[in-house]
Number of protein chains: 2
Amino acid sequence: MKKSFEIGLIRVVTLEDNQLLNLHGKIIEDNFPGLKVESKCLPDQITGIHSPETKEIAIPKILKLTQEFKNKDMIIVSCADDPGVELIRKEFPNIPVVGAGESTAALAQKYGTKIALLGITDYAPDPYIEVMQDKIIDIGKPEGINCTLDLMTEEGRKSVIKKAKEQKAMGAQVIALACTGMSTIEIAKVLEEEVQLPVIDPVLSEGLFAYFEYIRNK
Amino acid sequence: MKKSFEIGLIRVVTLEDNQLLNLHGKIIEDNFPGLKVESKCLPDQITGIHSPETKEIAIPKILKLTQEFKNKDMIIVSCADDPGVELIRKEFPNIPVVGAGESTAALAQKYGTKIALLGITDYAPDPYIEVMQDKIIDIGKPEGINCTLDLMTEEGRKSVIKKAKEQKAMGAQVIALACTGMSTIEIAKVLEEEVQLPVIDPVLSEGLFAYFEYIRNK
C-alpha cells in the first residue's frame, strides 16, 4: 500500500506567486489526507481561460505539462472548462485524470434539479452542459467580472454575492461555481451563508474525485 | 468547526452479528477521516432487498430508522437500489441523505462509457438506469446468486468472478457493483486484479459523497 498519492495539478493561469500557484493544491491537501499535490501553471496565459479562444490556446500547453507530470499517480486539470481532459484520457491512457468541471457538475446534481452556474463567462463550460443539460436554470456572470483576476478584488467578491442572490430569487436549488477562480477566493462558504443554498466548489470537487481514485487503489 | 461528522447508516438486511452490521460503517470510517458511523438494520428482512417486492416492504422500515437517526448529520442508505432515498429527501428535508446506487452510478461514469452492472438481480437497480441509461451494456447476475447471503460463500465469490470475466469479454470498460453485499465480501479489488478493469465499490462510493458533505460544511 502506497503511503501517499502523488498528484500533478495544472493551473490554467500564469502565476508567479508561489502561494497562489499552490493554493488549489493546499485546499486539496488540507481536505483529503494522503493526497500530495504538485502544481504547475501554463506559461504566457496571464488572464487564464475565459473564452473559447483562450481555451484553445491552452490545450497544447496543458498536454505539455501532463507530459512533465507523467510519473504522477494522477492529473488534475484545475479549470471548470476541463480543457484538454478528454485529450489527456486518449493520449495518456495509463494516468487517471480529472477536471474541475465534470467533478463539480456531477456533485451539483446531487443537491437539486434547478442548478445555477456562477462563473466568469456568459456561456456554460462544456462539461456543465454535458452533465446537467436542462437542469441549468441560469448561467451567471457577475457584473464587471471578465477573467479570474477580476474575482480577486473586494468589488469582484461583492459582484459575485449579488449575482448569487439573484440566482436564489430565480429559484435555484443549488449553485455550481463555474470557475476555479471562485475556489481561489474561497467564496463558497460566504455564498452559502448569504443565500442559504448549497454552493459547490470546483477545487473541493476535483479533489474528491482524486481522493476516490486514491482510496480505490490503496 | 465540528470535529466529526455523525452518520446514521441503514443496512437493508437483518443482521444479528454486530461485526457484520458495522462492516459498511467500518469501511467508511477507515477511508474517510472525520466520519463517524452508527449502523442500524431493518427488522424481519433476513434476505435483504433482491426484488421490487422486498424493496417495497423495506421502505416504511427505512423511514422509521431515519426517524431514529434524525439527530445525525447525514443518513446513508447502504443499498444499491436506493430504497427510500427520494422519500427521505422529501420527508426529512433538513438531513442530507445519500444512497449507494446513485453514488456508484455517478462514479462509474467517470471510468468509461460501456458499463457493466454486477449485482444480485437480473434487473438494473433504478438509480443505475436513471444515471447511466444507455451506457449500461450488461446486467450481470452471477449464477447461483439470488440474495446478498449467497455472496458470502466461496462458491458465491467464484461465481461473481466468472461473471466479471464474461463482462470484460463483452467489452465492458468498467464494472459497477450493483449490490452493497459485494462490498461486504470486499470483492472489488479481487475483481480488478482478475479482470484488469476499474470496479466501483458501492460502500466506498456512498462514503465518498458523505465525505463531500462533511468537508463542504467543515
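A short tour of the structure in this document, coming up.

Parameters at a glance
- Residues numbered from 1 in each chain as written.
- Chains lettered and ligands numbered in written order.
- Predicted model: local features only at pLDDT ≥ 70, side-chain atom pairs only at ≥ 80, totals over all residues.
- Heavy atoms only, no water.
- Helix = DSSP H or I, 4+ residues; strand = E, 2+ residues; numbered from the N terminus.
- Contact = heavy atoms within 4.5 Å.
- Least-squares fit on C-alpha atoms with pLDDT ≥ 70 in both.
- Buried < 20%, exposed > 50% of the residue type's maximum accessible area, 1.4 Å probe, protein only.
- Pairing = 2+ DSSP bridges.
- Expected span 1.5 Å × (residues − 1).
- Bend = angle between axes of the 7 residues up to and from the residue.
- Buried area = accessible area lost by both parts, 1.4 Å probe.
- Salt bridge = Lys/Arg side-chain N within 4 Å of Asp/Glu carboxyl O.
- Polar contact = N/O pair within 3.5 Å; in protein donor to acceptor, adjacent residues only side chain to side chain.
- Nonpolar A, V, L, I, M, F, W, Y, C, P; charged D, E, K, R; others polar.

A few words on the side chain of Glu-192 of chain A. Counting through the fold element by element, Glu-192 of chain A comes out in helix 9 (residues 188-195). Non-local contacts of Glu-192 of chain A, meaning those with residues more than four positions away in its chain, are made with Leu-197, Pro-198 and Val-199 of chain A together with Arg-216 and Asn-217 of chain B.

Right, let's get into the relation of the copies chain A and chain B. It takes a turn of 180° to lay chain A on chain B, together with a shift of 0.0 Å along the axis; the resulting RMSD is 0.0 Å. Seen this way, the second copy is the image of the first under a two-fold rotation axis. A symmetric contact is evident, with 100% of the interface residues of chain A recurring at the interface of chain B.

All names here are of chain A. Extensive coverage of strand 1 (residues 5-11) is indicated by the burial of six of its seven residues. Relative to strand 2 (residues 35-41), strand 1 is paired through seven bridges, and the arrangement is parallel. Considered in strand 2, the bridge of Ile-7 is made with Val-37. Relative to strand 3 (residues 74-77), strand 1 runs parallel, the two sharing four bridges. Opposite Gly-8, over in strand 3, you have Ile-75 as the bridge partner.

Let us look at helix 3 (residues 52-68) of chain A. Within an α-helix, residues lying three or four positions from one another point in the same direction, as the helix has 3.6 residues per turn. All names here are of chain A. The end-to-end C-alpha distance of helix 3, which contains 17 residues, comes to 25 Å, matching closely the 24 Å that a straight helix rising 1.5 Å per residue would cover. Its maximal kink placed at Ile-59, helix 3 deviates by approximately 30°, while the proline Pro-60 follows within four residues. Summarising the contacts, the buried residues of helix 3 are in contact with strand 1, strand 2, strand 3, helix 4 (85-91) and helix 6 (126-132).

Here we take up the interface of chain A and chain B. Taken together, the contacts link 25 residues of chain A with 25 residues of chain B. Between chain A and chain B the total buried area reaches about 2,400 Å² when both faces are included, carbon and sulfur atoms providing 59% of it. Counting the surface chain A buries against chain B, the share from its top three residues, Lys-110, Phe-212 and Arg-216 of chain A, is 29%. Between chain A and chain B we count two salt bridges in total. Across the pair Arg-216 of chain A and Glu-192 of chain B runs a salt bridge whose closest N-O atoms are separated by 2.4 Å. Here chain A and chain B share eight residue pairs in polar contact (both at pLDDT 80 or more) between them. Of all the elements in the fold, those that place two or more residues in the side of chain A that touches chain B are helix 2 (23-31), helix 5 (100-108), helix 9, strand 8 (199-200) and helix 10 (202-217) of chain A. The dominant element in the side of chain A that touches chain B, judged by the number of residues it contributes, is helix 10 of chain A, at ten residues. Grouping the constituent residues of the side of chain A that touches chain B by class yields 14 nonpolar, three polar and eight charged.

With that settled, the discussion passes to the sheet that holds strand 7 (residues 174-177) of chain A. Residues and elements named next belong to chain A. In spatial order, the strands read 6-5-7-8; together these four strands make up an open sheet with parallel pairing. Each edge of the open sheet is held by one strand with a lone partner, namely strand 6 (136-140) and strand 8. Bridge count for strand 7 against strand 8 is two bridges, and the pairing is parallel. Of the residues in strand 8, the one forming a bridge with Ala-176 is Ile-200.

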